[in-house]
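One-letter residues, chain by chain:
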Amino acid sequence: MQHALAFREDHTFTITQFTDLHWKDGGIEDQQTRRLIEDVLDAERPDLVVFTGDVIYTGYVTPGEPVCEQPLQAFREAVHAAEARGIPWAVVFGNHDTETMITRDELMDTVLAHTHTVTQRGPEGVNGVGNYQLTISGSDGQTAAALYFFDSGNLSPLPSIKGYDWIHRDQINWYTEQSWKLRSSHGAQPLPALAFFHIPLPEYKHVWDSAACYGNKLENVCCSPVNSGLFAAMTEMGDVVGTFCGHDHINDYWGELHGIRLCYGRATGYNTYGKDGFPRGARMIRLREGERSFESWLRLADGTIIRDQPEHTPGI
């Protein structure tokens, strides 16, 4: 890893989340995506970029539609704006990144060949590729915050269960082990942490149905039918204050459940479905050293900044 992540002198650390680029062939739609990414990065100048899955699209396309014939080249093009600016960047894989033509291991080889990525392959023997932890140093040089990244898979591995995959027990065990290690080296106190994955947890649906949320829910929450317990583990560990996913392109809301803010990103890519009146964009996240909270806002393709999203009250 080439970059050590650290809070700035003003004690802030800013992350840009791009999600669901669905890069295919470098055509017109992909170039729109590139311009959006470049504009956001030049305006916000983040300390870290996180791509939360479906960076490329290798799945079925309607005959006559663009096809991702060179997935590894497509990935390099998709992350080029961050790489060219020398901004540290991380990625988790989505369900469409490796549907055909390539494996997760092959795509990870391409990821790790980049100079400015902070992505890690993750431990062997654990489900998925790209389960890893990053830490952010504080003004005293000690670890002040943590970031967790999970491979949320593709489709259910069990024939008896239809739908999307889930974050598995061994991934959760890996997370709790890492969290305990950090806690034990910092006076038994949990450090503030964020978590990133592609497919939303079932709690994303629960929080919309049960608590005040802020933003838009314009499609169903396409989570796994299995609740494997990651959210419960995070509440027990007491470190994660926010989670960030993609997958559902026209949802961008966030809500708080048991002290954790569950946040959708804002879909970034033009080479995929969207909705009129719901422009592409990115979610911004800002941590402050020593605080167990974060700020977040949206930056849209036209430069609009949305800090206050519309409130949804369940049952109304």
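As a reminder, the structure under discussion sits directly above these lines.
To start, this report covers the structure provided alongside it. What you are looking at is a predicted structure, and each value in this text was computed from that prediction instead of being measured.

Attention now goes to the overall build of the chain. A count of helical and extended segments in the chain gives seven helices and 15 strands. In terms of overall size, the chain behaves like a compact globule, its C-alpha atoms giving a radius of gyration of 18 Å where 316 residues would be expected to give roughly 20 Å. Considered along the principal axes of its C-alpha atoms, the chain spans approximately 60 × 45 × 45 Å. The buried share of the chain, taken over its 316 residues, is 56%. Taking all contacts inside the chain whose residues are at least 6 apart in sequence as the whole, residues at least 24 apart take part in 71%.

Glancing now at a negative patch on the surface. A grouping of Asp-25, Glu-29, Glu-65 and Glu-69 is seen on the molecular surface, where their side chains present a negatively charged patch. Position of Glu-69 among the secondary structure elements: in the loop between strand 3 (48-52) and helix 2 (71-78). We classify Glu-69 as exposed; its relative accessible area is 64%.

Turning next to helix 2. For helix 2, every residue scored as buried is listed here: Pro-71, Ala-74, Phe-75 and Ala-78. Burial along helix 2 is one-sided: seen end-on, the buried residues are contained in an arc of 100°. As for helix 2, its buried residues are in contact with helix 1 (28-44), strand 3, helix 3 (80-84), strand 4 (89-92) and helix 4 (104-112).

Taken as a whole and judged by the stated rule, the model has 16 aromatic pairs. Centre to centre, the rings of Phe-51 and Trp-89 are 5.9 Å apart; their planes meet at 85°, and the pair counts as edge-to-face. In this pair, Phe-51 sits in strand 3 while Trp-89 sits in strand 4, placing the two residues 38 residues apart along the sequence. Of the two residues examined, Phe-51 and Trp-89, each falls in the buried class. It is Arg-261 that lies over the ring of Phe-294; its NZ or CZ is 4.1 Å from the centre. Taking the ring centre of Phe-278 as reference, the NZ or CZ of Arg-266 above it sits at 3.7 Å.

How each quantity is defined
- Residues numbered from 1 in each chain as written.
- Predicted model: local features only at pLDDT ≥ 70, side-chain atom pairs only at ≥ 80, totals over all residues.
- Heavy atoms only, no water.
- Helix = DSSP H or I, 4+ residues; strand = E, 2+ residues; numbered from the N terminus.
- Rg over C-alpha atoms; globule rule 2.2 N^0.38 Å.
- Buried < 20%, exposed > 50% of the residue type's maximum accessible area, 1.4 Å probe, protein only.
- Contact = heavy atoms within 4.5 Å.
- Patch = residues over 30% accessible without salt bridge, like charges linked within 9 Å, V, L, I, M, F, W, Y side chains within 5 Å.
- Areas by Shrake-Rupley, 256 points an atom, 1.4 Å probe, with all protein chains shown as cover.
- Salt bridge = Lys/Arg side-chain N within 4 Å of Asp/Glu carboxyl O.
- Lys, Arg positive; Asp, Glu negative; His and termini not counted.
- Charge placed at Lys NZ, Arg CZ, Asp CG, Glu CD.
- Arc of directions from axis to C-beta.
- Phe/Tyr/Trp six-rings, centres within 6.5 Å; stacked < 30°, edge-to-face > 60°.
- Lys NZ or Arg CZ within 6 Å of the ring centre and 35° of its normal.

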